[in-house]
Amino acid sequence: MKNKLNHIAIIMDGNGRWAKNKNLIRSKGHLAGMEKVREITTLIAKKNIPYLTLYAFSTENWKRPKQEVSFLMSLLRKYLKNEKKTYIDNNIKFNTIGDLSPFDKKTINAINELKNTTKENTGLTQSLALNYGSRDEITRAVNKIKDNIKEIKEEDITNALDSKTLPDVDVIIRSGGEKRLSNFLLWQSYYSEIFFINTLWPDISSLEIENIIEDFEKINRRFGEI
Ligand code: FPP
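(A) View of unusual backbone geometry. Within the chain, N48 stands out as a residue other than glycine whose phi angle is a positive 55°. Within the secondary structure, N48 sits in the loop between α2 (26-46) and β2 (51-58). Phi angles above zero are rare outside glycine, and S182 is one such case at about 45°. Structurally, the position occupied by S182 is in the loop between β5 (171-174) and β6 (193-196). Overall, the relative accessible area of 28% leaves S182 in the partly exposed class.

(B) Here's a closer look at the nonpolar core. In this structure, I8, I10, I44, I173 and I209 are the most contacted members of the largest nonpolar core, which totals 42 residues. Elements with a contribution of two residues or more to this core: β1 (7-11), α2, β2, α3 (66-82), α5 (105-117), β4 (125-132), β5 and α8 (206-218). Examining the composition of this core, we find that seven residues originate from one element, α3, more than from any other. Sequence-distant contacts of I44, that is, excluding residues within four places in its chain, are made with I8, I49, L52, L124, I209 and I213.

(C) The pairing of β2, seen in detail. A large share of β2 lies buried, amounting to six of its eight residues. As paired elements, β1 and β2 share five bridges and run parallel to each other. Looking at the pairing, A9 lines up with T53 of β2. Pairing analysis gives seven bridges linking β2 to β4, with the strands arranged parallel. The partner of L54 across the bridge, within β4, is L128.

(D) Structural view of the pattern of salt bridges. Counted under the stated rule, the structure contains 17 salt bridges. Among the salt bridges present, the one from E68 reaches R26, with a minimum N-O distance of 2.7 Å. Of this pair, E68 sits in helix α3 while R26 is found in helix α2, placing the two residues 42 residues apart along the sequence. Since its relative accessible area comes to 10%, E68 is described here as buried. Where salt bridges share partners, they join D13, R17 and R174 into one cluster.

What counts, and where the lines are drawn
- Residues numbered from 1 in each chain as written.
- Predicted model: local features only at pLDDT ≥ 70, side-chain atom pairs only at ≥ 80, totals over all residues.
- Heavy atoms only, no water.
- Helix = DSSP H or I, 4+ residues; strand = E, 2+ residues; numbered from the N terminus.
- Buried < 20%, exposed > 50% of the residue type's maximum accessible area, 1.4 Å probe, protein only.
- Core = buried A, V, L, I, M, F, W, Y, C linked by side-chain atoms within 4.5 Å.
- Contact = heavy atoms within 4.5 Å.
- Pairing = 2+ DSSP bridges.
- Salt bridge = Lys/Arg side-chain N within 4 Å of Asp/Glu carboxyl O.

In short, shape yes, function no, at least from these values alone.
Structure below.
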């Protein structure tokens, strides 16, 4: 029997190198990456996969040059405003994981507006990981519960994470050729199938994602059993 794919998560790497290869400035790579976010989100929605989580900005990304950070923030706001129709037309619910407290008011408002507009949608839940780091998420979760629980169980942590409404991740895809998880969904990926692909994110194709989904469906998943 085919494995059911509930939750796919993607580390969208390679925007900068894509731009460099074309003699363009890095921001052009992020712009092309944003277009791919729309294409791949729509594809996953059409395939009736219930959860998609995309690593859009990590807790470590603040260390990039100020100019790049502010470009990524303005791109995010543009995306949240311009893509409303994509979410409505495809019945997609918008969600975030990560600590939103350092974002400015304009960005928070744009995030909340898209969450509000799409809250009754019943198809795909797309989560953007924003100022997200797995260690930060787990640390915040433990701090939330530490004073109220005598003995912390796994499920207490799971239920205190930003991802509490999302199932464990079945598939993690990382584009761009690096083979690491970079502080992404470390708790939720404990039995994920991981696909590292060389394609730079702006070059990713729907076919490539569909092939990964097909490969996943055939894997013998044992979860530690034999
Ligand atoms: C990695 O490329 C990408 C990011 C830092 C974040 C992902 C951002 C996007 C896909 C574009 C914007 C998306 C939204 C939702 C507005 P990199 O810069 O690390 O590439 P490199 O490793 O080649 O330098």
